[in-house]
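Okay, here's what each chain looks like letter by letter:
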Amino acid sequence: MYPFKEIEEKWQNYWQQQKMFSVTAQPRRKKYYLLEMFPYPSGKIHMGHVRNYTIGDVIARFKIMQGFCVLHPMGFDAFGQPAENAAIKNKTKPDIWTYKCIDQMRQELKRMGFSYDWTREISTCDVSYYKWNQWIFLKMFERGLAYRKAAEVNWCPSCLTTLANEEVIDEGCWRCGTKVEQKKLEQWFLKITEYKERLLEDLTQLKNWPQRVLTMQTNWIGKSEGVEIYFRLKDTQKTIPVFTTRVDTIFGATYLVLAPQHYLVRELIAGKLQEKEVLKFIEQVTKRTKSVRSSGEMKKEGVFTGSFAINPVNEEAIPIWVADYVLMEYGTGAIMAVPCHDQRDFLFAREYNLPMRIVITPPNSQLTQSPDDLKEAYEGDGIQINSGQFNGLPNQQAKIRIAEWMENTGIGKIKTHWRLRDWLISRQRYWGTPIPIIYCPKCGIVPVPYEDLPVELPKKAHFTGEGGSPLGKIKEFVNVSCPKCKAPSIRETDTMATFFDSSWYFLRFCSPHSDSAPFDTEEVRYWMPIDQYIGGIEHAILHLLYSRFFTKFFQDLKMLDFSEPFQRLLTQGMVLKDGAVMSKSRGNIVDPDSIIKKYGADTLRLFILFAAPPETELEWDDRGIEGAFKFLNRIWRISKNLKEGAPPELIRIMHKTIKKVTEDIEEFKFNTAIASLMEFVNAIYQLGADRQVFSNLLLMLAPFAPHLAEELWESLGNRESIFKSSWPKYNPQQITEEKVTIVIQVNGKVRSKIEVAPDISEERLKELILADEKLKRWIQHKPIKNLIIVPRKLANLVV
């Protein structure tokens, strides 16, 4: 067994002392900026971290050996509620807890041998970092992109803070899982909707992003072309605007549905018999999250308001309902219900016995004689029926004709609607970036002057877990003078969502020590955009969308000359054990530290890459770890038995392996690259390797198992690190598939033929001949007296 512990400690110390992976911009060299999404400092790395960062490290080391100037930094996404909760639980301070966790994680990351430039390390909870969060906020405020308004928000009763829509997962808080409630508060928002067109259009630039992520962002931005139709309230001149993308179904609209928060609801029910029932229903619905209310799996509920609206296309009076599945945030907060052509409306109408009308029938058949016979809504294309002057038209053509008719008659307007909503950044907690705003009784909302930045988190704070953020209880922090008029004022006590911090950290890595700007534009011009970004699919909407928004904002400030931050994106799969994601609650955690102690970091790296392609889920397998360890020990043993010269057949296999491993790493097929190395090692065991062959094996092994590769490279007499050497190149002439046919005789009679390489050794040829299935009946259980070989032509067995 090779001494992995001593080897790994030796080379980790060497890399650190030599500052092997510290880089500066070198304009004459081609750069490569590789970045994995930085971690939250929980204190210990888990197998998800190991997989993410090992994938990145292989690419970084590979690119270094290809001659690129590689930037591969690491930092910590250090603000957030968990640290505050841990401080309460452990009776300490969030900063003490966080920095202790950072120290522990840094050591664990170094033990994995990752090639990070630690001189560029950043932590978002450092004042030197969050000062620039505040600077960015003020720039947005100046341009009207940061604003405050009263809004109904997602509220976590456990964390005592607000959550963005994207942070509500399956009805619960994304951090703690507690069921989320709705609450109305004055909140700070960023106007990401100002960038909606660019965010959508520029997705076409991202040729090297997974289609799944592009689809998720497209759907989240949610551009919809349609018509806003004006339904008149019966017996009044007031109208209810309704947006629809299916104007071809307007003649089938048999009722309207309003969101519980719609501004007209209370007016519609005032003094009616239904008033109490509707108000009770609204109270119940507001306790549910938007994600639950809009889920296709939940049964839809509603109540009749007692009021009616007039369908403008046929003057029909239709009932107005309030239902949980209509959200105020989307469209106009009101929908026209077409039960025969929308499945959600169909189920609701059947539940409450509401009228239905078919207005589109399949092109070559009649849908049904009566809506009562329908088993489900018909949502496909077809021919208009029961649609007045538009009868007989294909529905896609009718969409255009009806929309134009509505505009001409004033009963509707062609419009574009967007699903994207402005980004709520206010959080009612201590451990985050203070929002740099002051409230003056005379001047109103006043931004903190740039020269007064940073607004620092006060050290004097008590964490009890009760009554919201501790900031509001610290008089020295809250009470300030107005920067404009000097009147007694109060400071904003909300802090920023942590996604603000991570929306630009990749730019800070380019010049982490800059104290005059968030980043040095010259450094950014050299390093950005990021060539390869790696992280989990769970960030497809939140982090990636916000980062794209910030990049476009900086472009508008003339601080960047590009519009997209990440050229290529890889989303790695989860690590599973026993078919489930590893977690403490399931009791299926495998601690990386225990694996490193028993087998070494190189073995863990090799297994995590060999077990599955990076984009797919990886099932933990103890036997796989053993196999990776045995493979590295085989290479260790080969190093002790090198020969003089290598057979031509092995040279050819070597060149094939170089070609395959190079192409596989470029395409992130690490598992098949390692499989090729294993086949190469098998060939070396059979044929024997010399120094040249073994050197090339080590060069290809280096990105995967860097410690062992360094040690064996040094044992060959090399004085410099293996990562100062160039990646091996293959000779195309050596990998041509030229074959010769060997005729095999037994006692002078032809019994078989085999195809082999022209330069195959006699020893290897003999092995192939004796393994030939066709010869078994002729030579089985018979002693071989002689084997005569005529090179490239003939072999005769005498038995």
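Everything numeric in this text was worked out from a predicted model, so none of it was measured.

Caption draft 1: Structural detail: the overall build of the protein. Counting secondary structure elements, the protein contains 26 helices and 32 strands. Projected onto the principal axes, the alpha-carbon positions of the protein cover approximately 110 × 75 × 50 Å. Among the 799 residues that make up the protein, the fraction classed as buried is 56%. Partitioning the contacts of the protein with sequence separation of at least 6, the portion at a separation of at least 24 is 72%.

Caption draft 2: Representation of the environment of Gln 104 in the model. Mapped onto the secondary structure, Gln 104 falls in helix α4 (residues 94-111). In this structure Gln 104 comes out as partly exposed when scored by relative accessible area, which is 34%. Excluding residues within four positions of it along the chain, Gln 104 makes contact with Gly 43 and Lys 44.

Caption draft 3: Geometry of unusual backbone geometry. A cis amide bond links Leu 453 to the next residue, Pro 454, at an omega of 5°. Its place among the elements puts Pro 454 in the loop between β20 (444-447) and α13 (475-478). A cis geometry characterises the amide bond from Met 528 onward to Pro 529, with omega recorded as -5°. Inspection of the secondary structure puts Pro 529 in the loop between α16 (521-527) and β24 (532-536). Positive phi outside glycine occurs at Lys 19, with the angle close to 50°. Assignment of secondary structure puts Lys 19 in the loop between α1 (4-18) and β1 (31-36). Of the residues examined, Lys 19 reaches a relative accessible area of 57% and is grouped as exposed.

Caption draft 4: Representation of the packing of aromatic side chains in the model. Taken as a whole and judged by the stated rule, the model has 51 aromatic pairs. Arranged with centres 6.1 Å apart and planes meeting at 70°, the rings of Tyr 2 and Phe 4 form a pair that is edge-to-face. Residue Tyr 2 shares its accessibility class with Phe 4, and that shared class is buried. For the pair Phe 62 and Trp 727, a centre-to-centre distance of 4.9 Å together with 85° between the ring planes defines the contact as edge-to-face. Here Phe 62, found in helix α2 (residues 47-65), pairs with Trp 727, found in the loop between α24 (706-715) and β29 (740-746); they are 665 residues apart in sequence, far enough to count as distant. Assigned by exposure class, Phe 62 and Trp 727 land together as buried. Ring pairing ties together the aromatic residues Tyr 195, Trp 423, Phe 499, Phe 500, Phe 519, Tyr 546, Phe 549, Phe 550, Phe 553 and Phe 554, which thus form one cluster. Residue placement shows Lys 110 over the ring face of Trp 118; its charged tip is 5.5 Å from the ring centre.

Caption draft 5: Fine view of the packing of helix α3 (residues 81-90) against α4. At a closest axis distance of 8 Å, the pairing of α3 and α4 adopts a crossing angle of 110°. By the angle class used here, α3 and α4 are roughly perpendicular. Contact with α3, carried on its side by Ala 83, Glu 84, Ala 86, Ala 87 and Asn 90, involves Pro 94, Trp 97 and Thr 98 of α4 and no other residues of that element. Partitioning the contact of α3 with α4 into residue classes produces five nonpolar, two polar and one charged.

Caption draft 6: Quick look at the sheet that holds strand β19 (residues 437-440). Reading across the sheet, the four strands line up as β20-β19-β22-β21 and stay open at both edges, with antiparallel pairing between neighbours. The open sheet is flanked by β20 and β21 (479-481), the only strands paired with a single partner. For this sheet, the mean angle separating the axes of adjacent strands, direction not counted, is 40°.

Caption draft 7: Representation of the pattern of salt bridges within the structure. Evaluation of the coordinates by the stated rule reveals 37 salt bridges. Arg 605 serves as the salt-bridge partner of Asp 57, at 2.7 Å between the closest nitrogen and oxygen. Linking Asp 57 in helix α2 with Arg 605 in helix α19 (residues 601-610), this pair joins segments that are 548 residues apart in sequence. The burial state of Asp 57 is the same as that of Arg 605; both residues are buried. Overlapping salt bridges, with partners in common, bring together Asp 202, Arg 548, Lys 552 and Glu 564 in one network.

Thresholds, definitions, all that
Residues numbered from 1 in each chain as written. Predicted model: local features only at pLDDT ≥ 70, side-chain atom pairs only at ≥ 80, totals over all residues. Heavy atoms only, no water. Helix = DSSP H or I, 4+ residues; strand = E, 2+ residues; numbered from the N terminus. Buried < 20%, exposed > 50% of the residue type's maximum accessible area, 1.4 Å probe, protein only. Contact = heavy atoms within 4.5 Å. Phe/Tyr/Trp six-rings, centres within 6.5 Å; stacked < 30°, edge-to-face > 60°. Lys NZ or Arg CZ within 6 Å of the ring centre and 35° of its normal. Axes fitted to C-alpha atoms, helices over the stretch in contact; angles between N-to-C directions. Parallel < 35°, antiparallel > 145°, perpendicular 65-115°, else oblique. Nonpolar A, V, L, I, M, F, W, Y, C, P; charged D, E, K, R; others polar. Pairing = 2+ DSSP bridges. Salt bridge = Lys/Arg side-chain N within 4 Å of Asp/Glu carboxyl O.

In short, shape yes, function no, at least from these values alone.
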